[in-house]
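Here is what each chain is made of, one letter per residue.
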Amino acid sequence: MDAEARIRAYYDALEAGDPLGAFFAGGDVVKFGISERLVGGGEVRRGLREQTGRTAGWSVDSRDLRVTARECHAWFSDDVTLSWEDVEEGTRHTFETRWSGTLEAREGAEPVFVGMHVSTARSF
């Protein structure tokens, strides 16, 4: 499992405005964002579609990605300067964020996130 490559691919997809749902497992997955808690694969995919539809110009500046991988699971942490534009409000948001999560290997497929937590101490 190349968990680090998968995490970086997620960051790249976020910056490109690409769909993000395929990066997450179905079922009992949970994703905490700066302002939301999404539980279940359907809810995570719905939330990500809405986010992609109302935002643009993402920047993901990873500064301390640390990944530990085992045969079928991996976990990670990172410090990320995260910014985007809310196209509905016309405002730009920038946060110093802390990321952590767990990925699971799937037979014949890319690893998927089974949990992700993004938090921030402050905005600027």
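Rules and cut-offs
Residues numbered from 1 in each chain as written. Predicted model: local features only at pLDDT ≥ 70, side-chain atom pairs only at ≥ 80, totals over all residues. Heavy atoms only, no water. Helix = DSSP H or I, 4+ residues; strand = E, 2+ residues; numbered from the N terminus. Rg over C-alpha atoms; globule rule 2.2 N^0.38 Å. Buried < 20%, exposed > 50% of the residue type's maximum accessible area, 1.4 Å probe, protein only. Areas by Shrake-Rupley, 256 points an atom, 1.4 Å probe, with all protein chains shown as cover. Lys, Arg positive; Asp, Glu negative; His and termini not counted. Salt bridge = Lys/Arg side-chain N within 4 Å of Asp/Glu carboxyl O. Polar contact = N/O pair within 3.5 Å; in protein donor to acceptor, adjacent residues only side chain to side chain. Contact = heavy atoms within 4.5 Å. Phe/Tyr/Trp six-rings, centres within 6.5 Å; stacked < 30°, edge-to-face > 60°. Core = buried A, V, L, I, M, F, W, Y, C linked by side-chain atoms within 4.5 Å. Expected span 1.5 Å × (residues − 1). Arc of directions from axis to C-beta.

S.K.: How should I be thinking about the overall build of the chain in this particular structure?
M.R.: Counting its regular elements, the chain contains two helices and seven strands. Listing every helix and strand of the chain by position from the N terminus yields α-β-β-α-β-β-β-β-β. In terms of C-alpha radius of gyration, the chain reaches 14 Å, essentially the compact-globule figure of 14 Å for 124 residues. By principal-axis analysis of the C-alpha atoms, the chain measures approximately 45 × 30 × 25 Å. Residues classed as buried in the chain amount to 39% of the 124 residues present. Counting only carbon and sulfur atoms, one obtains 46% of the accessible surface of the chain, whose full area is about 6,700 Å².

S.K.: Got a minute to help me understand the side chain of R6 in this structure?
M.R.: For R6, the position within the fold is in helix 1 (residues 3-16). An unpaired buried charge is present at R6: no salt bridge exists, and E110, the closest side chain of opposite charge, is 4.4 Å distant. Within the local environment of R6, its side chain forms a polar contact with the backbone oxygen of A22, the two atoms lying 3.3 Å apart. Discounting residues that sit within four places of it in the chain, R6 has contacts with A22, F23, L103, E110 and P111.

S.K.: Mind showing me how you'd approach the packing of aromatic side chains here?
M.R.: Describing an aromatic ring pair means giving the distance of the ring centres and the angle of the ring planes. Under the criterion given, the structure shown has nine aromatic pairs. Taken together, a centroid distance of 5.8 Å and an interplanar angle of 80 degrees make the contact between Y10 and F24 edge-to-face. Taken as a pair, Y10 in helix 1 and F24 in the loop between helix 1 and strand 1 (30-32) lie far apart in primary sequence, 14 residues in all. Per residue, the accessibility class of Y10 equals that of F24, and both read buried. Judged by centre distance (6.3 Å) and plane angle (70 degrees), the rings of Y10 and W99 are edge-to-face. With a gap of 89 residues between them, Y10 in helix 1 and W99 in strand 6 (residues 91-106) connect regions that are remote in the sequence. With respect to class, Y10 is no different from W99; both count as buried.

S.K.: So what exactly am I meant to see when it comes to the nonpolar core here?
M.R.: Across soluble globular proteins, nonpolar side chains have a tendency to be buried as a group. In terms of nonpolar packing, the biggest core is built from 29 residues, with Y10, Y11, F24, F76, W99 and F113 touching the most fellow members. Where this core is concerned, the elements lending two or more residues are helix 1, helix 2 (41-54), strand 3 (55-62), strand 5 (73-86), strand 6 and strand 7 (109-123). In terms of residues, this core owes the most to one element, helix 1, which gives six residues. Beyond its immediate stretch of four places on either side in the chain, Y11 contacts V60, S62, L65, F76, D78, V80 and W99.

S.K.: Would you explain helix 1 in this entry?
M.R.: Think of an α-helix as turning once every 3.6 residues; residues three or four places apart then point the same way. Between its first and last C-alpha atoms helix 1 spans 20 Å; for 14 residues at 1.5 Å apiece the expected length is 20 Å, and the two agree. When helix 1 is considered as a whole, its buried residues turn out to be A3, R6, I7, Y10, Y11, A13 and L14. Taken end-on, helix 1 shows its buried residues confined to a sector of 165 degrees, consistent with a single buried face. Phi turns positive, to about 75 degrees, at G17, one or two residues after helix 1.

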